[in-house]
Amino acid sequence: MAAHVVRRGTLWARKVSLPQLSLTGKRCLLSAAYVDSHKWEAREKEDCHLADLASLMDKTYERKLPVSSLTISRFVDNISSREEIDHAEYYLYKFRHSPNCWYLRDWTIHTWIRQCLKYGAPDKALYTLVNKVQYGIFPDNFTFNLLMDHFIKEENYKDALSVVFEIMMQEAFEVPSTQLLSLYVLYYCLAKKTNFSWEEERNFGASLLLPGLKQKNSVGLSSQLYGYALLGKVELQQGLRAVYHNMPLLWQPGYVNRALQVMEKVASSPEDGKLCREALDVLDRALKAALTAPTQGSSEDQPQEGEKTQRSEELVEQLDVEETEQSKLPRYLERFEALHSKLHALGKVESESLLTLTTQLVKEQLPPCEAEDIAAYEQKLQQWHLDWVHLIQREKEQRERAKQQQAARRAAKASA
């Protein structure tokens, strides 16, 4: 309770807004028109004092009642400083753990990310995104793109990569612009670092595979191969469960086989799609490493005493699958070498790096994708406005009914 009083006191004291921090017009991957915030700033909103809203929410929670989605939306809308970002984070957390948690509006999530970028708190945006279960932050593709582009512009590829991994976990690669930005970040990071933990290889593999399946070009095909190769490496070394556990991936074995199927598809296709040498080398190394080293996943992690009975059957099944994949390795390597030679003979091996190819693809395809995204965003702003107006009208009607019911109760008491 004392913390709430201090928070409200701080909000009362901050009556003068700090200068707004606008995004620069410097183009990185997304254009200035894409990241421009004028349409968002021009939206209709209610001017409220955050201290009043904080007091209202605190009292509502104290009475064990739900806070409305409009109230938390008003709070986020009226952020005017970096300090108020911290207050909003607190109330987003409270709202997520309230009965109304399912009703955090899409425009509130978008506004939250926008406000974090505007007031110099991209770390808060990323923190609430990574801890989405605790804060309810599940952005749309346009919002993902804004956050990713911000980190790219700041040359903060570590955080940009974290955004890509979150997009992968939420399976949000529907929009081509998000696919292109994500692939660029992935290949930039892969070009700068070569040693990864198996968890990182799994995350890279899944993040390459999902957008790669949607791109109908050499970068897409190479991304599928690269992704399957990394996931196959994890499957061989750590076991199948390590691949699909808490991941949006198939739990069927055979990721190396799927990588080889991509090679077969390209080799037999009459189209001019190619596979990048970089991706082929990854699969080559994974196969040779698996042939010379024993599997490590199931032998290192021994079940504890209380888990032995429950996990025995699961471990037997897992070992059977792993042994099957291990037994196929010589054939996999033989197929790989034959397909590799065939691809070379057909001229379907690309020598350029994947980062170079992806950069070229972004330059060619991102501008038309931007135009589609901006048009869709403007339509979404209009729909959000209509939904917002409808909620306000419904709130007024509910308040009017509550007043009428209260008046009726008072009249009944007076006549009794």
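Residues numbered from 1 in each chain as written. Predicted model: local features only at pLDDT ≥ 70, side-chain atom pairs only at ≥ 80, totals over all residues. Heavy atoms only, no water.

Regarding the overall build of the protein chain
The helix and strand tally for the protein chain stands at 21 helices and two strands. When each of the 416 residues of the protein chain is scored for burial, the buried share is 49%. Partitioning the intrachain contacts of the protein chain with sequence separation of at least 6 by distance along the chain shows that 77% fall at a separation of at least 24. With an accessible surface of roughly 21300 Å², the protein chain has 51% of that area assigned to carbon and sulfur atoms. (Helix = DSSP H or I, 4+ residues; strand = E, 2+ residues; numbered from the N terminus. Buried < 20%, exposed > 50% of the residue type's maximum accessible area, 1.4 Å probe, protein only. Contact = heavy atoms within 4.5 Å. Areas by Shrake-Rupley, 256 points an atom, 1.4 Å probe, with all protein chains shown as cover.)

Overview of the packing of helix H10 (residues 141–153) against helix H12 (residues 176–192)
Running from N to C, H10 and H12 point in directions that differ by 30°, and their axes come no closer than 10 Å. Our classification of the angle between H10 and H12 gives roughly parallel. The handedness of the crossing between H10 and H12 is left-handed. Residues Asn-141, Asn-145, Met-148 and Ile-152 of H10 lie in contact with H12, whose contacting residues are Ser-177, Thr-178, Leu-181, Ser-182, Tyr-184 and Val-185. Of the residues in the contact of H10 with H12, the class split is five nonpolar, five polar and no charged. (Axes fitted to C-alpha atoms, helices over the stretch in contact; angles between N-to-C directions. Parallel < 35°, antiparallel > 145°, perpendicular 65-115°, else oblique. Left-handed = near helix turned anticlockwise from the far one by under 90°. Nonpolar A, V, L, I, M, F, W, Y, C, P; charged D, E, K, R; others polar.)

Considering helix H13 (residues 198–212)
A rise of 1.5 Å per residue sets the reference length of H13, with its 15 residues, at 21 Å; its end C-alpha atoms lie 20 Å apart and thus fit the reference within 8%. For H13, the tally of buried residues reaches twelve of 15 residues, placing the bulk of the element in the interior. What H13 keeps buried is the set Glu-201, Arg-202, Asn-203, Phe-204, Gly-205, Ala-206, Ser-207, Leu-208, Leu-209, Leu-210, Pro-211 and Gly-212. Residues of H13 that are buried in the fold lie against helix H11 (157–169), H12, helix H14 (218–238) and helix H15 (240–244). (Expected span 1.5 Å × (residues − 1).)

What to know about the environment of Trp-198
Looking at where Trp-198 falls in the secondary structure, it is placed in helix H13. Taking C-alpha positions, Trp-198 is 9.8 Å from Glu-235, a pair spaced 37 residues apart along the chain. What Trp-198 contacts, discounting residues up to four positions off in sequence, is Val-234, Gln-238 and Ala-242. At a separation of 3.2 Å, a polar atom in the side chain of Trp-198 contacts the side chain of Glu-199. (Polar contact = N/O pair within 3.5 Å; in protein donor to acceptor, adjacent residues only side chain to side chain.)

Section: the pattern of salt bridges
Under the defined criterion, the tally for this structure stands at 17 salt bridges. Across the salt bridge formed by Arg-74 and Glu-395, the nearest N and O atoms sit 2.7 Å from each other. One end of the pair, Arg-74, is in helix H5 (residues 69–77); the other, Glu-395, is in helix H21 (residues 354–415), and 321 residues separate them in sequence. Like Arg-74, the residue Glu-395 is buried in the burial classification. Overlapping salt bridges bring together Glu-46, Arg-74, Glu-395 and Arg-399 as one network. (Salt bridge = Lys/Arg side-chain N within 4 Å of Asp/Glu carboxyl O.)

Remarks on the environment of Lys-214
Mapped onto the elements of the fold, Lys-214 is located in the loop between H13 and H14. The class for Lys-214 is partly exposed, based on a relative accessible area of 45%. Note: C-alpha distance between Lys-214 and Glu-174 (40 residues apart in sequence) is 8.2 Å. Residues in contact with Lys-214, not counting those within four places in the same chain, are Phe-173 and Gln-179.

Notes on the packing of helix H7 (residues 106–118) against helix H8 (residues 122–130)
Between two packed helices, both the angle of their axes relative to each other and the distance between the axes serve to describe the pair. Two numbers describe how H7 lies on H8: the axes approach to 7 Å, and their chain directions differ by 150°. Of the possible angle classes, the one that applies to H7 and H8 is roughly antiparallel. Contact residues: Trp-112, Ile-113, Cys-116 and Leu-117 in H7; Pro-122, Lys-124, Ala-125 and Thr-128 in H8. In the contact of H7 with H8, the residues fall into six nonpolar, one polar and one charged.

Here we look at helix H20 (residues 329–345)
Two residues of an α-helix separated by three or four positions point the same way, owing to the 3.6 residues in each turn. Under the 1.5 Å per step criterion, the end-to-end length of H20 is 24 Å for 17 residues, consistent within 8% with the ideal 24 Å. Looking at H20, one finds that the buried residues are Leu-329, Tyr-332, Leu-333, Phe-336, Leu-339 and Leu-343. The buried residues of H20 occupy an angular sector of 135° when the element is viewed end-on, so they sit on one face. In H20, the exposed positions angled more than 90 degrees off the buried face are occupied by Arg-331, Glu-334 and Ala-345. At the exit of H20 stands Gly-347, carrying a positive phi of roughly 70°. (Arc of directions from axis to C-beta.)

Describing the nonpolar core
If you look at the biggest cluster of nonpolar residues, it comprises 116 residues, and the most contacted ones within it are Trp-112, Val-163, Leu-225, Tyr-226, Met-263, Leu-275 and Leu-283. No other element matches the twelve residues that H21 contributes to this core. Not counting residues up to four positions away in its chain, the partners in contact with Tyr-226 are Tyr-187, Leu-190, Leu-208, Glu-278, Ala-279, Val-282 and Leu-354. (Core = buried A, V, L, I, M, F, W, Y, C linked by side-chain atoms within 4.5 Å.)

As for unusual backbone geometry
Unlike most non-glycine residues, Lys-64 shows phi in positive territory, near 60°. As for its position among the elements, Lys-64 is in the loop between helix H4 (50–62) and H5. At Glu-171, a residue that is not glycine, the phi angle is positive and equals roughly 50°. For Glu-171, the position within the fold is in the loop between H11 and H12. By relative accessible area, which is 49% here, Glu-171 ends up partly exposed.

A closer look at the confidence of the model for the protein chain
Per-residue pLDDT for the protein chain has a mean of 86; in total, 86% of the residues score no lower than 70. pLDDT under 50 marks residues 1–27. Its contacts with residues more than four places away, or in other chains, come to 43 contacts. (pLDDT = per-residue confidence, 0-100.)

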